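One-letter residues, chain by chain:
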Amino acid sequence: MNKKWAVKRITVNLASNEANKLEKYCDQTGRAATDVIRELIRALPMTRPEQH
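Please read these numbers as outputs of a predicted model, since none were measured by experiment.

Student: Help me out: how do you make sense of the overall build of the protein chain in this one?
Tutor: A count of helices and strands for the protein chain gives two helices and zero strands. When the accessible surface of the protein chain is totalled, it reaches about 5700 Å², and 52% of it is carbon and sulfur.

What follows is the structure, encoded as C-alpha cells:
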C-alpha cells in the first residue's frame, strides 16, 4: 500500500494485561501494533448519531 497518510498521533493507555495481549498477538502474527489497531478501528460499526 503506497498511500500518503494524514496522520493524527494519539496515545492510548492500556492496562498491563491489555498491552501484553496486544504484544503477544503482534508476536504471533508478525504484525505491528499500529497496523492491528488501525484494522480494529476500521472494523468498528458506524451508526447514525442519536436524535436529540
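Okay, back to it.
Student: Looking at this structure, how should I read the environment of Leu 14?
Tutor: Here Leu 14 is to be found in the segment before helix H1 (16-29). Note on Leu 14: relative accessible area 43%, which makes it partly exposed. Ignoring any residue separated from it by four or fewer positions in sequence, one finds Leu 14 in contact with Ala 19 and Leu 22.

Student: Quick question: what am I supposed to make of the environment of Cys 26 here?
Tutor: Inspection of the secondary structure puts Cys 26 in helix H1. In contact with Cys 26, not counting residues within four places along its chain, are Arg 31, Ala 32, Ala 33 and Val 36.

Student: Whenever I open this one, the environment of Ala 32 confuses me. Can you help?
Tutor: Considering the arrangement of structural elements, one finds Ala 32 in the loop between H1 and helix H2 (33-42). Here the alpha-carbon distance between Ala 32 and Leu 22, two residues ten residues apart in the chain, equals 9.6 Å.

Student: Please explain H1 as it appears in this structure.
Tutor: Residue pairs three or four apart in sequence face the same way in an α-helix, which turns once every 3.6 residues. Along its 14 residues, H1 runs 20 Å from first to last C-alpha, staying within 8% of the 20 Å computed at 1.5 Å per residue. Two residues or fewer past H1, Gly 30 is found with a positive phi of approximately 75°.

Cut-offs used in this document
- Residues numbered from 1 in each chain as written.
- Predicted model: local features only at pLDDT ≥ 70, side-chain atom pairs only at ≥ 80, totals over all residues.
- Heavy atoms only, no water.
- Helix = DSSP H or I, 4+ residues; strand = E, 2+ residues; numbered from the N terminus.
- Areas by Shrake-Rupley, 256 points an atom, 1.4 Å probe, with all protein chains shown as cover.
- Buried < 20%, exposed > 50% of the residue type's maximum accessible area, 1.4 Å probe, protein only.
- Contact = heavy atoms within 4.5 Å.
- Expected span 1.5 Å × (residues − 1).

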